[in-house]
Amino acid sequence: MTSGQPSAKSSTAITLEQPSLEGARDAVVAGIDRDALVTIFGRCTVEYDGRASSTLEAGDRHVMLKPDGTTLVHTDEGQQPVNWQPPGCEHEVYCEDTEETTSEPALVLESQRSTPEEHLLVQFERVLQVSTFSGTDETDLTLSGTEADLRTRILENPDLLEPGFTPLATERATPAGAIDIYGEDTAGRTVVVELKRRRVGPDAVGQLRRYVDALERDLHADASLRGILVAPSVTDRASRLLGEHGLEFVSLEPPGDSQ
């Protein structure tokens, strides 16, 4: 491929490899103007000033500009960006005028947010690749296997918890927090149900115990309470704690979740 020449086979994706700084600037500006997703890979420094201040010395990094104003700066490690700006930011891209400054030539990207005031400055001394992608994505992420799905599963079929269980409320407030499902068993005893979508340990047992204790203080002295932890599985330590505190466990997974 010829350096600095488009490699895309369609008008929706354009890539420049090892472009000049001016060529990179023009490609980035054109991508922003047409609301494209823009990515830049090269050697750069990064400075942030806003709620705090930070500086990254020169290194090879991948910068992404999204049409909604988001800016992400990634290194070659980790899943999170090392620096970023949220949606709604304004971008300015230009080449430093080396005739008016003693600094080395650079492609400069500024991402500005007004409320709160934040400023991200990325200066590329060398650009290895610029790509711009135009497309549409009109679908929303559909989550399955959540705690809400597990709650719905029990509400639609309470016998999954135990025969005769009657749900009375969800997110019932207590001084210790909101109970996932509040109900009664066939003997008329109050049941506190805590839901977890994954295998759980002692922390979940402690959470359930706090809910039961808080509800016992709210109800009359003769009230009889049960606490049930619902999850796909529990650790051995959690199982022992459940027994020590007179709490129960029901193994149940959210619909659509095989883990």
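Conventions and cut-offs
Residues numbered from 1 in each chain as written. Predicted model: local features only at pLDDT ≥ 70, side-chain atom pairs only at ≥ 80, totals over all residues. Heavy atoms only, no water. Helix = DSSP H or I, 4+ residues; strand = E, 2+ residues; numbered from the N terminus. Buried < 20%, exposed > 50% of the residue type's maximum accessible area, 1.4 Å probe, protein only. Contact = heavy atoms within 4.5 Å. Areas by Shrake-Rupley, 256 points an atom, 1.4 Å probe, with all protein chains shown as cover. pLDDT = per-residue confidence, 0-100. Polar contact = N/O pair within 3.5 Å; in protein donor to acceptor, adjacent residues only side chain to side chain. Pairing = 2+ DSSP bridges. Right-handed = clockwise from strand over helix to strand, strands pointing away. Core = buried A, V, L, I, M, F, W, Y, C linked by side-chain atoms within 4.5 Å. Salt bridge = Lys/Arg side-chain N within 4 Å of Asp/Glu carboxyl O.

A word on the overall build of the chain
The number of helices and strands found in the chain is 4 helices and 13 strands. By residue count, 38% of the 259 residues in the chain fall in the buried class. For the chain, contacts bridging at least 24 residues in sequence account for 53% of all contacts bridging at least 6. Total accessible area on the chain is roughly 14,600 Å²; 45% of this is exposed by carbon and sulfur atoms.

Side note on the confidence of the model for the chain
In this model, the chain carries an average pLDDT of 88, and 88% of its residues clear a pLDDT of 70 or more. Segment residues 1-10 is flagged for pLDDT under 50; beyond a separation of four residues in sequence, or across chains, it makes 17 contacts in the model.

What about the environment of Gln85?
Note on placement: Gln85 falls in strand 5 (residues 83-85). A relative accessible area of 0% means that Gln85 is categorised as buried. In this structure, the C-alpha to C-alpha distance between Gln85 and Thr70, residues 15 residues apart in sequence, is 5.5 Å. Not counting chain neighbours up to four residues away, the residues in contact with Gln85 comprise Tyr48, Gly69, Thr70, Thr71, Ser111, Gln112, Arg113, Glu118, His119 and Leu120.

Points about the environment of Arg51
When you line up the elements, Arg51 lands in the loop between strand 2 (37-49) and strand 3 (53-65). Looking at Arg51, its side chain comes within polar contact range of the side chain of Glu118, at 2.9 Å.

Things to note about the pairing of strand 13 (residues 248-251)
Strand direction decides the pairing type here: strand 12 (residues 225-231) and strand 13, joined by 4 bridges, are parallel. Along strand 13, the bridge assignment pairs Ala231 with Ser251. Once the chain exits strand 12 it traverses helix 4 (residues 236-244) before rejoining the sheet at strand 13, and the crossover so formed is right-handed.

What to know about the nonpolar core
For soluble globular proteins, the rule of thumb is that nonpolar side chains tend to be buried together. One finds Leu107, Val122, Phe124 and Val127 to be the most contacted residues of the largest nonpolar core, which totals 22 residues. Of all the elements in the fold, those that place two or more residues in this core are helix 1 (21-33), strand 2, strand 3, strand 6 (90-95), strand 7 (107-113) and strand 8 (118-133). Among the nonpolar cores identified, the runner-up in size contains 18 residues, and Ile179, Val205, Leu225 and Leu247 belong to it.

Focus on the pairing of strand 11 (residues 190-195)
In terms of burial, strand 11 is a largely internal element, 6 of the 6 residues being buried. Side-chain alternation along strand 11 places Thr190, Val192 and Glu194 on one buried face and Val191, Val193 and Leu195 on a second face that is also buried. One ladder, built from 4 bridges, connects strand 10 (residues 177-184) with strand 11; its direction is antiparallel. When the sheet's bridge partners are listed, Tyr182 is paired in strand 11 with Val192. Between strand 10 and strand 11, which pair antiparallel and follow one another directly, the connecting turn spans 5 residues, one of which, Gly188, has a positive phi of 80°. The sheet contact formed by strand 11 and strand 12 spans 6 bridges and is parallel. Residue pairing across strands places Val191 opposite Arg226, the latter belonging to strand 12.

Some remarks on the pattern of salt bridges
Going through the model one piece at a time under the given rule, you end up with 11 salt bridges. Among the salt bridges present, the one from Arg226 reaches Asp185, with a minimum N-O distance of 2.9 Å. Residue Arg226 is found in strand 12, and its partner Asp185 is found in the loop between strand 10 and strand 11; the two are separated by 41 residues along the sequence. For Arg226, a relative accessible area of 9% puts it in the buried group.

Considering unusual backbone geometry
Cis geometry marks the peptide bond from Thr115 to Pro116; its omega dihedral reads -5°. Secondary-structure assignment places Pro116 in the loop between strand 7 and strand 8. Of note, Gln18 is a non-glycine position whose phi angle comes to about 50°, a positive value. Along the chain, Gln18 turns up in the loop between strand 1 (13-17) and helix 1. Under the relative-accessibility criterion, Gln18 is labelled exposed at 54%.

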